[in-house]
Amino acid sequence: EAGVAQSPRYKIIEKRQSVAFWCNPISGHATLYWYQQILGQGPKLLIQFQNNGVVDDSQLPKDRFSAERLKGVDSTLKIQPAKLEDSAVYLCASSLGPMTGELFFGEGSRLTVL
Amino acid sequence: GQQVMQIPQYQHVQEGEDFTTYCNSSTTLSNIQWYKQRPGGHPVFLIQLVKSGEVKKQKRLTFQFGEAKKNSSLHITATQTTDVGTYFCASREGSGNTGKLIFGQGTTLQVKP
């Protein structure tokens, strides 16, 4: 079974530039999550989708971050404009559904903002 | 919102020694999950505990959920170098499995051979 796919693995940009990350969850997984993990910290949930609807985006900085999952499968997370403090690993995860506990994480996309 | 606090933040042990990390909450948790993240890797699910006082074992790893469902622990017996990594506890806000999954700050384990 293929795991959660993410791209790009690494991205370096200057502050005020924009960046987009892509995630393809495990086939059949209805719930998709984007987490931000700053070095030395635990993952912080940015947004959670159930199929193509948003379940929780309370910690998403909506002035600069946006995410979509238009067809209920893959998802894109965008940052525009980026700030220095956005340097982090952006982890995508999926689960079968909200009633299934285990999250399967992708390898992550490491963002460095200069 | 709900928070889970983990201690210690770091632990260095000699190979063969035991290791324990603790996860505490001021509120009652519906369940607790544990994940392991190897250096440079991504979190990998280890286990979920749901019942008060539950104890589960995976080879050298023992997971406990407190009677009051406000704390949990992960104990590793006779650590090996393959145990190196950061261990996170995580719990969902609200009841059941529908709330967002909140992670603790993790305990990083270093094992000296």
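First things first, this report covers the structure right here in the doc. In this text the structure is predicted, and so the values were computed from the model without any measurement.

**A short note on the overall build of chain A**
Link 1 in the chain: A count of helices and strands for chain A gives zero helices and 11 strands.
Link 2 in the chain: Along chain A, helices and strands appear, N-terminal first, in the series β-β-β-β-β-β-β-β-β-β-β.
Link 3 in the chain: Relative to its length of 114 residues, chain A is compact, with a C-alpha radius of gyration of 13 Å against a globular reference of 13 Å.
Link 4 in the chain: Residue pairs at least 24 apart in sequence account for 54% of intrachain contacts in chain A once pairs closer than 6 positions are excluded.
Link 5 in the chain: Element-wise, carbon and sulfur atoms account for 51% of the exposed surface of chain A, whose accessible area totals about 5,600 Å².
Link 6 in the chain: Considering chain A, the positive charge centre built from 12 side chains and the negative charge centre built from 11 side chains are found 7 Å apart.

**Notes on the interface of chain B and chain A**
Link 1 in the chain: Listed by partner, the interface residues are 17 residues for chain B and 22 residues for chain A.
Link 2 in the chain: Both sides together, the interface formed by chain B and chain A hides about 1,600 Å², and carbon and sulfur atoms give 51% of it.
Link 3 in the chain: Seen at the junction of chain B and chain A, the total is one salt bridge.
Link 4 in the chain: Viewed at the interface, chain A and chain B are joined by six residue pairs in polar contact (both at pLDDT 80 or more).
Link 5 in the chain: At the level of elements, strand E4 (32-37), strand E5 (44-49), strand E9 (85-92) and strand E10 (101-103) of chain B are the ones that each hand at least two residues to the side of chain B that touches chain A.
Link 6 in the chain: A per-element tally of the side of chain B that touches chain A places E4(B) first, with three residues.
Link 7 in the chain: Tallied by class, residues from the side of chain B that touches chain A come to six nonpolar, nine polar and two charged.

**Digging into the sheet that holds strand E1 (residues 5-7) of chain A**
Residues and elements named next belong to chain A.
Link 1 in the chain: Sheet architecture is open: four strands sit in the order E1-E3-E8-E7, paired in antiparallel fashion. Looking at which strands have only one partner, the edges of the open sheet turn out to be E1 and strand E7 (65-68). Taken pair by pair, the neighbouring strands of this sheet meet at an average axis angle of 15°, ignoring direction.
Link 2 in the chain: Bridging between strand E3 (residues 19-24) and strand E8 (residues 75-79) involves five bridges; their strand directions are antiparallel. Residue pairing across strands places Phe21 opposite Leu77, the latter belonging to E8.

**A look at the sheet that holds strand E8 (residues 71-76) of chain B**
All names here are of chain B.
Link 1 in the chain: Strand order across the open sheet formed by five strands is E1-E3-E8-E7-E6, with antiparallel pairing between neighbours. Both edges of this open sheet fall to strand E1 (5-7) and strand E6 (55-58), since each of them pairs with a single strand only. Each strand of the sheet is rotated relative to its neighbour by a mean of 15°, with strand direction disregarded.
Link 2 in the chain: In this structure, E6 lies alongside strand E7 (residues 61-65), joined through four bridges in antiparallel fashion. Residue Lys57 lies in a different strand from E7, and its bridge partner there is Thr62.

**Remarks on the pairing of strand E11 (residues 107-112) of chain B**
Residue and element names in this part refer to chain B.
Link 1 in the chain: For strand E2 (residues 10-14) and E11, the ladder comprises five bridges, and the chain directions are parallel. Bridging from a neighbouring strand, Tyr10 pairs with Thr108 of E11.
Link 2 in the chain: Looking at chain direction, E9 and E11 are connected through three bridges and run antiparallel. When the sheet's bridge partners are listed, Thr86 is paired in E11 with Thr108.

**Comments concerning unusual backbone geometry**
Link 1 in the chain: In this model, Ser7(A) is joined to Pro8(A) through a cis peptide bond whose omega is -10°.
Link 2 in the chain: Position of Pro8(A) among the secondary structure elements: in the loop between E1 and strand E2 (10-13).
Link 3 in the chain: With an omega of -5°, the peptide bond between Ile7(B) and Pro8(B) qualifies as cis.
Link 4 in the chain: Structurally, Pro8(B) can be placed in the loop between E1 and E2.
Link 5 in the chain: You will see that Asn51(A), though not glycine, has its phi angle at about 55°, which is positive.
Link 6 in the chain: By secondary structure assignment, the location of Asn51(A) is in the loop between strand E5 (44-50) and strand E6 (53-56).

**A few points about the layout of surface pockets**
Link 1 in the chain: Roughly 600 Å³ of internal volume is contained in the largest pocket.
Link 2 in the chain: Taken together, 30 residues form the lining of the largest pocket, with Gln37(A), Leu39(A), Gly40(A), Arg110(A) and Gln37(B) sitting closest to its centre.
Link 3 in the chain: Where the lining of the largest pocket is concerned, the elements lending two or more residues are strand E9 (88-95) and strand E11 (109-113) of chain A together with E9 of chain B.
Link 4 in the chain: Class assignment of the residues belonging to the lining of the largest pocket gives a composition of 10 nonpolar, 16 polar and four charged.
Link 5 in the chain: What lines the second largest pocket is a set of 20 residues, among which Pro43(A), Lys44(A), Gln3(B), Ile102(B) and Phe103(B) lie closest to the centre.

Procedures and definitions
Residues numbered from 1 in each chain as written. Chains lettered and ligands numbered in written order. Predicted model: local features only at pLDDT ≥ 70, side-chain atom pairs only at ≥ 80, totals over all residues. Heavy atoms only, no water. Helix = DSSP H or I, 4+ residues; strand = E, 2+ residues; numbered from the N terminus. Rg over C-alpha atoms; globule rule 2.2 N^0.38 Å. Contact = heavy atoms within 4.5 Å. Areas by Shrake-Rupley, 256 points an atom, 1.4 Å probe, with all protein chains shown as cover. Lys, Arg positive; Asp, Glu negative; His and termini not counted. Charge placed at Lys NZ, Arg CZ, Asp CG, Glu CD. Buried area = accessible area lost by both parts, 1.4 Å probe. Salt bridge = Lys/Arg side-chain N within 4 Å of Asp/Glu carboxyl O. Polar contact = N/O pair within 3.5 Å; in protein donor to acceptor, adjacent residues only side chain to side chain. Nonpolar A, V, L, I, M, F, W, Y, C, P; charged D, E, K, R; others polar. Pairing = 2+ DSSP bridges. Axes fitted to C-alpha atoms, helices over the stretch in contact; angles between N-to-C directions. 1 Å grid on protein atoms, 1.4 Å probe; cavity = no way out; pocket = protein on both sides within 12 Å on 5 of 7 lines; lining within 4 Å. Points joined across faces, edges and corners; volume = space filled by probe spheres on them.

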